Amino acid sequence: MKSIKTLLLPLLIFFALGAFTAYAQTPIVVSTTINLSEYDVIFLTDFFDVKADKLSSAAPGFSVRIDGIPNEPIYLKVQAVAQLRGGNGDAGNDPLVSGCTADIRTATGSLFLTARDFAKGGIAALIPSRCGYSENTALKKKIRDMALVTSTAPPGTYQLLIDVFLISTGRQIAGDSRTINVTYSAASEIFVEINEPKTGSIINSLNPTFTWTCTEPNVTVRVFEAGLNHRSPQDALTGGNPYLEQVVKGTNTLTYPANARRQLQEGKAYVVQVEANVSTTRGALKSISEPVVFRIANDNLGKMLDNFMNTVPGNASSAYSTLRGEPAKWIPLVPFLGNMTLDGNMLSEGDLQLLLNQLSTQHDLKLDLSVENQ
């Protein structure tokens, strides 16, 4: 699955926390190590009290280590820029926050900074006295209002810039920028839909090919057997172990593999479902396709009726689709139909196909369909 790196966003909103990989300016060589936990969806309120406008000093999964600092005080200049999906509107494109820290000293030449250090009262908190402090209050409010509704970081592009300066000379000795693309505000935004097979399909092959559309590149495909005791596709999904459970990466197609846990069988019905997982600060969330029912059979009669009924307007087609979706009819139709007759005369499959062909040419045809138990 494509990873969406969103952990830093809640830190950006208050004090523009971030990561910086310092570049060297001879003779001073400064290096940094960034430690981040990565999520697809981040619940902003886990890291930031939106109502109180306060960053949590216990925000997890973030730290920055700076090595090679000369034996003199430094300060950091921090700037955060946010471009929300759909634009910032009246809030404009001025930096979300910009400011500098107080003097930072270390006797060891190294610093290990966490969220606590960037929060109010920390050694890397921004102050107005050194280089001024500014906020895009309109943009900050826009982000806060979105978070109050969804509890998650709003989608968009966020850039963090941090420069390291010597107090003595004001010379910059390190600096870097990091851009974060936030794609989703919730797992429900991830679209997953099976294209093939269509629900109710009859497939002759024991190794059918599944295709799907998904906004995520990595998914899990599961196939379950549909039994006559299952009254819905969901019953099949929860009623037993899957025949197939396979992670598919970077493609939207899968042919039923020969090494699957169990092989498909002639004359049986199955349910396939595709699932995309997204990691969040509160654990994994799922976005799941609608289940699709298909049959493995050489069901010529069923195909004839399927093809014809798909072209018939009105309620008859809907009633037929409902019939085909009944669990008791998930296996081929032939064993259940018995003899076919028209006006008392026996019909073969060929006779039925001719009749359907004739009916399909009658554009003013009004067809009623009813099902009776005999």
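Residues numbered from 1 in each chain as written. Predicted model: local features only at pLDDT ≥ 70, side-chain atom pairs only at ≥ 80, totals over all residues. Heavy atoms only, no water.

Considerations on the overall build of the chain
Thinking step 1. When helices and strands are tallied, the chain shows 8 helices and 22 strands.
Thinking step 2. The buried share of the chain, taken over its 374 residues, is 44%.
Thinking step 3. Excluding contacts between residues fewer than 6 apart, the proportion of contacts in the chain whose partners are at least 24 apart in sequence is 74%.
Thinking step 4. Accessible surface for the chain amounts to roughly 18,700 Å². Of this, 49% is attributable to carbon and sulfur atoms. (Helix = DSSP H or I, 4+ residues; strand = E, 2+ residues; numbered from the N terminus. Buried < 20%, exposed > 50% of the residue type's maximum accessible area, 1.4 Å probe, protein only. Contact = heavy atoms within 4.5 Å. Areas by Shrake-Rupley, 256 points an atom, 1.4 Å probe, with all protein chains shown as cover.)

Overview of the state of the cysteines
Thinking step 1. Evaluation of the coordinates by the stated rule reveals 1 disulfide.
Thinking step 2. Bridging Cys100 to Cys131, the disulfide has an S-S length of 1.8 Å. Looking along the S-S bond of the Cys100-Cys131 disulfide, the torsion reads about 115°, which is the right-handed sense. Taken together, the residues span a long stretch of sequence, with Cys100 in strand 6 (residues 97–101) and Cys131 in the loop between strand 8 (126–127) and strand 9 (134–135) at a distance of 31 residues.
Thinking step 3. Take Cys100: its relative accessible area is 1%, and that puts it in the buried class. (Disulfide = S-S within 2.5 Å.)

Thoughts on the pattern of salt bridges
Thinking step 1. Per the stated rule, a full pass over the model turns up 10 salt bridges.
Thinking step 2. The salt bridge partner of Arg222 is Glu275, with a shortest N-O separation of 2.9 Å. On the criterion of sequence distance, the pair formed by Arg222 in strand 15 (residues 218–226) and Glu275 in strand 18 (residues 268–280) is long-range, its members being 53 residues apart. Side by side, Arg222 and Glu275 carry an identical accessibility label, which is buried.
Thinking step 3. Linking Glu245 and Arg261 is a salt bridge whose minimum nitrogen-to-oxygen distance equals 4.0 Å. Within this pair, whereas Glu245 is found in strand 16 (residues 244–249), its partner Arg261 is found in the loop between strand 17 (253–255) and strand 18, the two being separated by 16 residues in sequence. (Salt bridge = Lys/Arg side-chain N within 4 Å of Asp/Glu carboxyl O.)

Some remarks on the sheet that holds strand 17
Thinking step 1. In space, the 3 strands of this open sheet follow the order 12-14-17, with antiparallel pairing throughout. The open sheet is flanked by strand 12 (192–196) and strand 17, the only strands paired with a single partner. Here the average twist between neighbouring strands, direction ignored, is 25°.
Thinking step 2. Here 3 bridges tie strand 14 (residues 209–214) to strand 17, and the two strands are oriented antiparallel to one another. The partner of Phe210 across the bridge, within strand 17, is Leu254. (Pairing = 2+ DSSP bridges. Axes fitted to C-alpha atoms, helices over the stretch in contact; angles between N-to-C directions.)

Quick word on the packing of aromatic side chains
Thinking step 1. Overall, the coordinates contain 4 aromatic pairs when judged by the stated rule.
Thinking step 2. The ring of Tyr75 has Arg130 lying over it, and the distance from NZ or CZ to the ring centre is 4.5 Å.
Thinking step 3. We note Arg282 situated over the ring of Phe43; from NZ or CZ to the ring centre the distance is 4.2 Å. (Phe/Tyr/Trp six-rings, centres within 6.5 Å; stacked < 30°, edge-to-face > 60°. Lys NZ or Arg CZ within 6 Å of the ring centre and 35° of its normal.)

Digging into the side chain of Gln273
Thinking step 1. Topologically, Gln273 is positioned in strand 18.
Thinking step 2. Setting aside residues no more than four positions away along its own chain, Gln273 makes contact with Ile194, Thr220, Val221, Arg222, Leu237, Ile288, Ser289, Glu290 and Pro291.

A look at the nonpolar core
Thinking step 1. Core analysis: the largest hydrophobic core is formed by 31 residues, its most contacted members being Ile66, Ile74, Leu111, Leu139 and Ile143.
Thinking step 2. For this core, the secondary structure elements donating two or more residues are strand 4 (62–67), strand 5 (74–84), strand 7 (110–114), helix 3 (137–150), strand 10 (156–166) and strand 11 (172–182).
Thinking step 3. Ranked by the residues each element gives to this core, the list is headed by strand 5, at 6 residues.
Thinking step 4. Within the second largest apolar cluster, 28 residues are counted, among which are Leu244, Leu264, Val274 and Ile296. (Core = buried A, V, L, I, M, F, W, Y, C linked by side-chain atoms within 4.5 Å.)

Re the environment of Glu225
Thinking step 1. Note that Glu225 resides in strand 15.
Thinking step 2. C-alpha of Glu225 to C-alpha of Gln265: the two residues are 40 residues apart in sequence and 9.7 Å apart in space.
Thinking step 3. Residues in contact with Glu225, not counting those within four places in the same chain, are His230, Ala236, Tyr243, Arg262, Lys268, Ala269 and Tyr270.
Thinking step 4. Among the polar contacts listed, one links the side chain of Glu225 to the side chain of Tyr243, at a separation of 2.7 Å. (Polar contact = N/O pair within 3.5 Å; in protein donor to acceptor, adjacent residues only side chain to side chain.)

Looking at the confidence of the model for the chain
Thinking step 1. Of all residues in the chain, 83% attain a pLDDT of 70 or more, and the chain-wide mean is 79.
Thinking step 2. Taken element by element, the chain is modelled with least confidence in helix 1 (residues 9–14), mean pLDDT 44, and with most confidence in strand 17, mean pLDDT 97.
Thinking step 3. Note that residues 1–26 has pLDDT below 50 and, in this model, 126 contacts with residues that lie over four places away or in other chains. (pLDDT = per-residue confidence, 0-100.)

Concerning the environment of Arg171
Thinking step 1. Among the structural elements, Arg171 can be located in the loop between strand 10 and strand 11.
Thinking step 2. As for Arg171 and Ile74, which are separated by 97 residues in sequence, their C-alpha atoms are 9.7 Å apart.

Considering helix 3
Thinking step 1. Relative to the 20 Å expected for 14 residues at 1.5 Å per residue, helix 3 spans 20 Å between its end C-alpha atoms, a close match to the ideal helical length.
Thinking step 2. Residues of helix 3 that are buried include every one of Leu139, Lys140, Ile143 and Ala147, and no others. Down the axis, helix 3 shows its buried residues gathered within 100° of arc, on one side only. Structural note: helix 3 exposes Thr137 and Val149 on the side pointing more than 90 degrees away from its buried face.
Thinking step 3. Two residues or fewer after helix 3 comes Ser151, characterised by a positive phi angle close to 65°. (Expected span 1.5 Å × (residues − 1). Arc of directions from axis to C-beta.)

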